[in-house]
Amino acid sequence: MESIVDIRHALEARSVTTSLDSLKNKGRDRVRVIRAEQIAEMIAEAVQRAVAGSGLMTQEEVDRLIHESRREFQTVLAQRQKESAEARAALEEIDGVRAELEAAQARVRELEAELAQGGSGAANDPAQGRLIQTLMAEVAQLKASMSQPQVVVATQPVQAQAQDGNLAAAIAKLAGTLEERIDKIGRKVGVSSAVEADAVDYSRIFAKGDDKKMESNLDTMQVQQKSAGGIAGNLAKLKKLKGGS
Amino acid sequence: MHDTNENLEARRSAPTGAQATSNKNQTDVALGKGLDVGTANLAAAVTNEDGSVTVNVERNAFLDINSDVYSKNMLTKLKVPYVVHNNKLVVIGEAAFELANVFGKEVRRPMADGLISPNETDALPMMRLIISKILGEPRQQGESCYFCVPAPSIDVDNNVVYHEGLFQSLIAKMGYNARSINEAHAVIFSELAEQDFTGIGLSFGGGMVNACVAYKSIPCLSFSVARGGDWIDKNVAHVLGTKKSKATFLKERGVDIRDPKNREEEAIAIYYRNLISYVLQNIKARFEGGQNMPSFQDPVDIACAGGTSLVGGFIEVFRDEFSKIDFPIPVGRIFRAEDALISVAKGCLVAAAIGE
């Protein structure tokens with residue numbers, strides 16, 4: 001089929017169009033016509049005869065070559081169709097990831113609001129501190145779940161990745177931004193390190209017997225005392241810097 | 001650091017800060033205390049009713065002697081503080097330093113190079129006794145207490161995290177809400193208020209020199225070098241063939257490093273100048289090599305504090321060494337804190353009061 005199209009293009013390129021009246025004026029009342037398919041058959045036959053006549057290939061080999069060429073064509077065609085289907089699946093997957101990311105971002109915004117409300121008193125209130133720990137853990141889970149689809153995207157065929165590289169980069173950037181914001185919130189409320197590891201309990205270093213009173217005369221001991229100017233000026237400056245009155 | 005006999009006597013007869021405030025009406029007193037956990041000295045600052053600040057200071061050292069009835073009685077008569085620990089009489093604080101020099105012994109030091117000493121098994125119980133004495137009990141449960149911690153050193157590998165956690169736990173166990181603050185940052189809180197807490201704070205301590213660069217009270221760069229007064233003492237003792245305690249005594253008795261009078265003072269002056277030069281070169285290198293460093297349009301001040309800066313001629317030698325280097329940022333005034341020994345404790349108190 002392709003050879004016929006090519007022959008048709010070749011004929012069109014190498015022929016001129018003229019009207020019947022023009023031919024009649026030139027004294028030609030009758031013309032012979034031939035279809036492109038017939039020309040293609042003639043060329044194919046001529047090529048086969050030429051190959052067979054050259055003695056380089058037998059007719060059997062020529063037939064086998066044609067058969068293998070057709071089979072190769074079918075294989076390549078099937079592969080292209082499969083890749084096309086995979087690319088469509090990858091696009092659907094990315095759409096799913098994007099939806100998941102948007103849902104996670106919405107949840108993070110909610111958690112930020114909750115942390116902003118509870119963060120300032122966390123240092124003094126153990127219950128609030130635990131609540132913030134829980135919230136931070138939830139944010140960390142979200143972060144982890146967001147990184148999971150990225151792995152899925154990364155395992156897609158190379159062709160699909162190349163096709164959707166920009167989108168994957170955008171998702172990675174969004175995830176990175178989110179991670180920075182999570183860390184910032186953690187630092188603000190002073191529990192950032194606790195998200196990844198429990199604080200070390202140094203009180204265990206002090207042995208149980210350390211609390212018992214040792215024999216001493218320290219109750220009568222006096223220490224060197226120094227007087228210093230007040231710190232009211234320093235505090236006023238600091239409050240001013242912080243925007244207070 | 002430069003005590004006279006009168007000072008020592010006055011110290012022994014004065015009440016502790018906790019005792020001094022315990023009988024007063026405490027409702028008007030700003031809560032919060034500051035604690036300088038220094039290698040050589042421990043200092044606790046508290047605000048009085050009248051707004052003034054009192055700082056209790058004690059040397060961070062102890063000395064054990066054989067426990068017998070005679071020694072115990074003598075120590076009590078001389079008003080020398082002691083505890084009985086592991087069947088030994090342990091003299092703590094300044095008295096331990098004085099006794100060590102009298103008997104030609106070395107004091108035991110709970111801290112080394114700015115951190116809790118890994119080689120001193122009795123470090124924690126002794127430090128707890130001293131801290132408890134100078135800090136007193138909290139005026140109300142959970143009163144805020146800011147204590148200083150060094151920045152990680154650039155010249156040795158040290159574990160600041162363990163040190164910080166340890167003292168956080170120790171102070172919390174005394175009933176305080178313990179929070180830490182960088183030592184040199186505390187100097188900025190104490191000394192650079194007029195400059196809107198912008199500039200360079202340096203704390204020349206016994207075990208380390210801490211540096212902090214701050215802009216509008218926010219620290220931009222903090223680091224330490226593991227050399228300080230002890231480094232000077234160690235080297236002076238080495239070249240003079242004497243004990244470290246003796247070298248410390250020589251250093252603290254009133255040397256002017258601009259005008260050394262004898263071989264001993266010469267040695268002290270040499271190592272002081274070397275320490276100052278070392279610190280300045282490292283600050284310069286950090287400024288030149290650091291990323292995200294602030295660029296100051298106006299000259300910034302440098303405030304020096306810490307017991308090691310108390311030696312005569314310190315700030316003049318500092319300025320002299322500073323003039324020899326091409327410092328990367330414009331610097332205005334270079335000065336020593338009015339009372340360099342208590343500057344860090346006072347800065348910690350500011351932090352506690354503001355809740356920084």
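Whatever comes next refers back to the structure up there.
How each quantity is defined
- Residues numbered from 1 in each chain as written.
- Chains lettered and ligands numbered in written order.
- Predicted model: local features only at pLDDT ≥ 70, side-chain atom pairs only at ≥ 80, totals over all residues.
- Heavy atoms only, no water.
- Pairing = 2+ DSSP bridges.
- Helix = DSSP H or I, 4+ residues; strand = E, 2+ residues; numbered from the N terminus.
- Expected span 1.5 Å × (residues − 1).
- Buried < 20%, exposed > 50% of the residue type's maximum accessible area, 1.4 Å probe, protein only.
- Polar contact = N/O pair within 3.5 Å; in protein donor to acceptor, adjacent residues only side chain to side chain.
- Axes fitted to C-alpha atoms, helices over the stretch in contact; angles between N-to-C directions.
- Parallel < 35°, antiparallel > 145°, perpendicular 65-115°, else oblique.
- Left-handed = near helix turned anticlockwise from the far one by under 90°.
- Contact = heavy atoms within 4.5 Å.
- Nonpolar A, V, L, I, M, F, W, Y, C, P; charged D, E, K, R; others polar.
- Core = buried A, V, L, I, M, F, W, Y, C linked by side-chain atoms within 4.5 Å.
- Buried area = accessible area lost by both parts, 1.4 Å probe.
- Salt bridge = Lys/Arg side-chain N within 4 Å of Asp/Glu carboxyl O.
- 1 Å grid on protein atoms, 1.4 Å probe; cavity = no way out; pocket = protein on both sides within 12 Å on 5 of 7 lines; lining within 4 Å.
- Points joined across faces, edges and corners; volume = space filled by probe spheres on them.
- Domains from an automatic or database assignment.

*Asks:* Explain the pairing of strand β13 (residues 218-225) of chain B to me, please; I cannot follow it from the model alone.
*Replies:* It is a general feature of regular strands that their side chains alternate between the two faces of the sheet. Bridge count between strand β12 (residues 209-215) of chain B and β13(B): 7 bridges; the pairing is antiparallel. When the sheet's bridge partners are listed, V213(B) is paired in β13(B) with L221(B).

*Asks:* Could you clarify how one ought to interpret helix α5 (residues 123-135) of chain B in this entry?
*Replies:* Since the α-helix packs 3.6 residues into each turn, any two residues three or four apart lie on the same face. Residues and elements named next belong to chain B. Taking 1.5 Å of rise per residue, 13 residues should cover 18 Å, and α5 covers 18 Å from first to last C-alpha, within 8% of that figure. Taken together, the buried positions of α5 are A123, L124, P125, M126, M127, R128, L129, I130, I131, K133, I134 and L135. Two residues or fewer past α5, G136 is found with a positive phi of approximately 70 degrees.

*Asks:* What's the story with helix α10 (residues 263-289) of chain B in this structure? I'm lost.
*Replies:* Taking 1.5 Å as the rise per residue, α10(B) with 27 residues should run 39 Å; its terminal C-alpha atoms sit 39 Å apart, in good agreement. Two to three positions downstream of the cap, the backbone nitrogen of E264(B) sits 3.2 Å from a side-chain oxygen, assigning the N-cap of α10(B) to N262(B).

*Asks:* Help me understand the sheet that holds strand β6 (residues 88-92) of chain B in this model?
*Replies:* Either a parallel or an antiparallel arrangement is found when strands of a sheet pair, and the pairing is made through backbone hydrogen bonds. Residue and element names in this part refer to chain B. Taken in spatial order, the 3 strands make up an open sheet running β4-β6-β5, and their pairing is antiparallel. On the outer flanks of this sheet lie β4 (62-66) and β5 (82-85), each paired with one strand and no other. Taken pair by pair, the neighbouring strands of this sheet meet at an average axis angle of 30 degrees, ignoring direction. Strand direction decides the pairing type here: β5 and β6, joined by 4 bridges, are antiparallel. Residue pairing for β6: V84 is matched across the bridge by L89.

*Asks:* Any chance you could explain the packing of α10(B) against helix α11 (residues 314-323) of chain B here in plain terms?
*Replies:* All names here are of chain B. Two numbers describe how α10 lies on α11: the axes approach to 9 Å, and their chain directions differ by 50 degrees. It follows that α10 is oblique to α11 by the angle criterion. As α10 packs across α11, the resulting crossing turns out to be right-handed. The segment α10 lies against α11, with Y272, R273, I276, S277 and L280 engaging F314, V317, F318, D320, E321 and F322. The residue inventory of the contact of α10 with α11, partitioned by class, reads 7 nonpolar, 1 polar and 3 charged.

*Asks:* Help me out: how do you make sense of the nonpolar core in this one?
*Replies:* A general tendency of soluble globular proteins is for nonpolar side chains to be buried together. Counting 44 residues, the largest nonpolar core has I200(B), L202(B), F204(B), F314(B) and F318(B) as the members making the most contacts within it. Within the residue set of this core, elements represented by two or more residues are β11 (199-204), β12, β13, α8 (229-240), α9 (244-252), α10, β14 (300-305) and α11 of chain B. If we skip the residues at most four places from it in the chain, F314(B) touches F204(B), I257(B), Y272(B), I276(B), C304(B), T308(B), S309(B) and R336(B). Counting residues in hydrophobic clusters, the runner-up holds 36 residues, among them I231(A), A45(B), F189(B) and A351(B).

*Asks:* Explanation requested: the interface of chain B and chain A in the structure shown.
*Replies:* Reports of interface size often rely on the accessible area that becomes lost once the parts have come together. Contacts between the two partners involve 58 residues from chain B, matched on the other side by 31 residues from chain A. Across the chain B/chain A interface, buried area totals approximately 4,100 Å², and carbon plus sulfur atoms make up 61% of it. In terms of surface lost to chain A, no three residues of chain B exceed R128(B), K133(B) and I354(B), which account for 13% of the buried area on that side. Across the pair D196(B) and K237(A) runs a salt bridge whose closest N-O atoms are separated by 3.6 Å. On inspection of chain B and its partner chain A, the count reaches 8 residue pairs in polar contact (both at pLDDT 80 or more). When residues in the side of chain B that touches chain A are grouped by element, the largest group, 7 residues, is from helix α6 (residues 160-173) of chain B. Tallied by class, the residues present in the side of chain B that touches chain A amount to 28 nonpolar, 16 polar and 14 charged. Sheet topology note: the strand β1 (residues 224-228) of chain A/strand β3 (residues 53-59) of chain B ladder contains 5 bridges and is antiparallel. Residue pairing across strands places Q224(A) opposite V57(B), the latter belonging to β3(B).

*Asks:* Explanation requested: the pairing of strand β1 (residues 33-37) of chain B in the structure shown.
*Replies:* Residue and element names in this part refer to chain B. The buried count for β1 comes to 5 of 5 residues, which makes it a mostly enclosed element. Here β1 shows no split at all, with K33, L35 and V37 on one side and G34 and D36 on the other all buried. Across 3 bridges, the pairing between β1 and strand β9 (residues 144-149) is parallel. Directly across from G34, in β9, lies its bridge partner Y146. Sheet analysis places β1 next to strand β2 (residues 41-47), joined by 5 bridges and oriented antiparallel. Note on β2: the bridge partner recorded for K33 is V46. Linking β1 to β2, which pair antiparallel, is a turn of 3 residues.

*Asks:* How do you make sense of empty space enclosed by the protein when you look at a structure like this?
*Replies:* One way to see where empty space is left: roll a probe the size of a water molecule over the atoms. Residues and elements named next belong to chain B. The tally for this structure, following the rule as stated, stands at 7 cavities of 30 Å³ or more. Its boundaries defined by the atoms lining it, the largest cavity holds a volume of some 210 Å³. Lining the largest cavity are 25 residues; nearest its centre among them are G38, T39, E183, G205 and G206. Among the secondary structure elements, those contributing two or more residues to the lining of the largest cavity are β1, β2 and β11. Residue composition of the lining of the largest cavity, grouped by class: 11 nonpolar, 12 polar and 2 charged. Of the residues that make up the lining of the largest cavity, three or more belong to each of domain 1 (5-192) and domain 2 (194-341).

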